[in-house]
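Here are the chains, one letter per residue:
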Amino acid sequence: MMDLLMPCEANSSPSTPLGFLERAATIYGNCRSVVYNNREYTWSQTHQRCLKLASALSTLGISRHDVVSVVAPNIPAMYEMQFGVPMSGAILNTINIRLDVKTISVLLQHSEAKLVFVDYQSRSLVEEAVAALETKPILIIIEDEDEEGEVADRVSSPETHLTYTSFIEKGDPSFRWVRPETEWAPMILNYTSGTTSAPKGVVHCHRGLFSITMDSLLDWSVPKQSVYLWTLPMFHGNGWSYPWGIAATGGTNICLRKFDAGTIYAAIAKHGVTHMCGAPVVLNMLANSPESVRKPLPHVVQIMTAGAPPSAAVLFRTEALGFSVSHGYGLTETAGLIVSCAWKGEWNRLPASERARLKARQGVRTLGMEEVDVIDAETGASVKRDGETVGEVVLQGGCIMLGYLKDPEGTRKAMRNGWFYTGDVGVMHPDGYIEIKDRSKDVIISGGENISSVEVESVLYQHPAVNEAAVVARLDEFWGESPCAFLSLKEEFRQKDKRPSHLEIIAFCRQRMPHYTAPKTVVFLSDLPKTSTGKIQKFVLRDMAKKLGSSTTPSIFSGL
């Protein structure tokens, strides 16, 4: 009898997160959806604007599998793109606003983008990038809704491109959006963040994005009608799936063009922010901000951090301010966080420093992931669950990418033997929690011993003067490689008479870890090079370390 039961149209419609918007408009139609400076939209309005965007794109001839790119910060138009572009059948490609002309040109050419939405502040950058292309995409300029007078002069010339406002006004709010023919149809194209200087085009399907969105909401216990502050760029992995997630819960999106610690504290107080995401650099910003910019939190604010292993010291300082920090792990290739440090009730009885140490671990697989493991790269066998034996982190699950665009060899290399190989080095603790130790390329091999740059950085963050820390390998005449620490200092320690010496930094580390793992070189910089998502660009630092030549004695360099 069971053989007669088959899939049919009634029970096998493609899963997609795009339907969350329609549901939000029905349930939360009169509730705030998007807030930006003095402008507010309701879910009913956002739904209609996204349908008009999809309709206008279709009128231009944009159809299934065409790529539409956007270069914009976290403004309302950027949020609308997450729905409106794929609702036209097109594939959305969000581009990092901090990239240079050459890189943007390369990405547009590689993706074969048919149309580019560009924020007015990035207009000249994108126009120059497009000028180098043989086949030029259509450009549509996004005005700033709260600076219309200033922007009008920028976009009023006769040869100007279309503007976003005039473009969506041409759309039909009753447009029947283009549903995917299959849930495996591509919906998103994201390029990796560039910390390795070689971005790859990651393609995600409707099914995977539906899965990761639901998983992210459940794992973080996001309630209905939360107030979400956009401190995480939407161009970074589509904001870890939360544009669709906040629609699913009928929450409010507080959009920010740019921010600092003062802006964040003010937004929390003004809007009653309940949730926010960000790389550890955001936690550092909040924890190290002057007391003059801090405002007492009206309630506990939930922060999800990921993107780089946070130090226990930074976690401790952030939670001491009243924030509740959750820690997760994911990659561009997983569309969101697929490992989280699920908190156990009994850990609340531990001292604060021990709680911070446990929270610094990446954790266990989320419910939507089939399997996560740490394996020996040579044998493929699981490593010992001792918290010490290192291996490569591998994944299985429905939210893993379809593959790299136009890169079958890269796709085969990353996905083999039934696993996605992350390139991250980690350990498995006895309790089944994973801890990332490094990227495979960032492990320092000194005298035949492996040194985790993350562990050295964790010690450096404990120093009261250190604002940010990154450790890379430097050539060493005797040991082959030795740790080279790049540091930025807190404002109050930047004056020459208050700045710690390199010998003090090295001695501080040696008191807390084996001497051979302590930095042999210390470089002081005013700021560390980062991607727009807050990831420190270690490939830039490796180049700087290479230019220093071989190390023979402890040394100090200053870029302050």
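Residues numbered from 1 in each chain as written. Predicted model: local features only at pLDDT ≥ 70, side-chain atom pairs only at ≥ 80, totals over all residues. Heavy atoms only, no water.

**Side note on a positive patch on the surface**
Now for step 1: A grouping of Lys200, Lys413, Arg416 and Lys441 is seen on the molecular surface, where their side chains present a positively charged patch.
Now for step 2: Locating Lys413 in the fold gives a position in helix α15 (residues 408-414).
Now for step 3: A relative accessible area of 61% means that Lys413 is categorised as exposed. (Patch = residues over 30% accessible without salt bridge, like charges linked within 9 Å, V, L, I, M, F, W, Y side chains within 5 Å. Areas by Shrake-Rupley, 256 points an atom, 1.4 Å probe, with all protein chains shown as cover. Salt bridge = Lys/Arg side-chain N within 4 Å of Asp/Glu carboxyl O. Lys, Arg positive; Asp, Glu negative; His and termini not counted. Charge placed at Lys NZ, Arg CZ, Asp CG, Glu CD. Helix = DSSP H or I, 4+ residues; strand = E, 2+ residues; numbered from the N terminus. Buried < 20%, exposed > 50% of the residue type's maximum accessible area, 1.4 Å probe, protein only.)

**Details of the pairing of strand β2 (residues 39-42)**
Now for step 1: One ladder, built from four bridges, connects strand β1 (residues 32-36) with β2; its direction is antiparallel. Within β2, the position partnered with Tyr36 by the bridge is Arg39.
Now for step 2: From the end of β1 to the start of β2, which pair antiparallel, there are two residues, and Asn37 there has a positive phi angle of about 50 degrees. (Pairing = 2+ DSSP bridges.)

**Focus: the nonpolar core**
Generally speaking, soluble globular proteins have nonpolar side chains that are buried together.
Now for step 1: Formed by 83 residues in total, the largest nonpolar core has its most connected members in Phe117 and Tyr242.
Now for step 2: With residues near it in sequence (within four places) discarded, Phe117 still touches Leu53, Leu57, Val68, Ser69, Val70, Val71, Met81, Val85, Ile140, Ile142, Tyr164 and Phe167.
Now for step 3: Counting 47 residues, the second largest nonpolar core, distinct from the first, contains Leu283, Val301, Ala312 and Ile505. (Core = buried A, V, L, I, M, F, W, Y, C linked by side-chain atoms within 4.5 Å. Contact = heavy atoms within 4.5 Å.)

**Here we look at the confidence of the model for the protein chain**
Now for step 1: Residues of the protein chain with pLDDT of at least 70 account for 92%, and the chain-wide mean is 90.
Now for step 2: Confidence drops under a pLDDT of 50 for residues 147-159, and excluding neighbours within four residues, the segment shows 11 contacts in the predicted structure. (pLDDT = per-residue confidence, 0-100.)

**Looking at helix α12 (residues 280-287)**
One turn of the α-helix equals 3.6 residues, which is why residues spaced by three or four share an orientation.
Now for step 1: When you tally the buried positions in α12, you get seven out of eight residues, the bulk of the element.
Now for step 2: Buried within α12 we find Pro280, Val281, Val282, Leu283, Asn284, Leu286 and Ala287.
Now for step 3: The inward-facing, buried residues of α12 abut α11 (261-271), β12 (275-278), β13 (301-305), α13 (312-320), β14 (323-331) and β25 (466-476).

**Points about the packing of helix α1 (residues 19-27) against helix α2 (residues 43-59)**
Now for step 1: Running from amino to carboxyl end, α1 crosses α2 at an angle of 145 degrees, the nearest separation of the two axes being 8 Å. Every pair of crossing elements has a handedness; the one defined by α1 and α2 is left-handed. Contacts between α1 and α2 involve Leu21, Glu22, Ala24 and Ala25 from the former and Trp43, Ser44, Thr46, His47 and Cys50 from the latter.
Now for step 2: Considered class by class, the residues forming the contact of α1 with α2 number five nonpolar, three polar and one charged. (Axes fitted to C-alpha atoms, helices over the stretch in contact; angles between N-to-C directions. Left-handed = near helix turned anticlockwise from the far one by under 90°. Nonpolar A, V, L, I, M, F, W, Y, C, P; charged D, E, K, R; others polar.)

**Quick look at the environment of Leu256**
Now for step 1: With respect to the helices and strands, the residue Leu256 is situated in the loop between β11 (252-254) and α11.
Now for step 2: A relative accessible area of 12% means that Leu256 is categorised as buried.
Now for step 3: For the pair formed by Leu256 and Leu229, sequence separation is 27 residues and the distance between their alpha carbons is 7.9 Å.
Now for step 4: Not counting chain neighbours up to four residues away, the residues in contact with Leu256 comprise Asn74, Leu229, Trp230, Thr231 and Thr263.

**So, the pattern of salt bridges**
Now for step 1: A full pass over the atoms with the stated rule returns 19 salt bridges.
Now for step 2: With a shortest N-O distance of 3.6 Å, Glu40 and Arg32 are connected by a salt bridge.
Now for step 3: Classification of Glu40 as partly exposed rests on a relative accessible area of 45%.
Now for step 4: The exposure class of Arg32 is partly exposed, given its relative accessible area of 27%.
Now for step 5: A salt bridge links Glu181 to Arg64; the shortest N-O distance between them is 3.9 Å. Of this pair, Glu181 sits in the loop between α7 (164-169) and β8 (186-191) while Arg64 sits in the loop between α2 and β3 (67-71), and the two are 117 residues apart along the sequence.
Now for step 6: Salt bridges sharing common partners tie together Glu435, Lys437 and Glu455.

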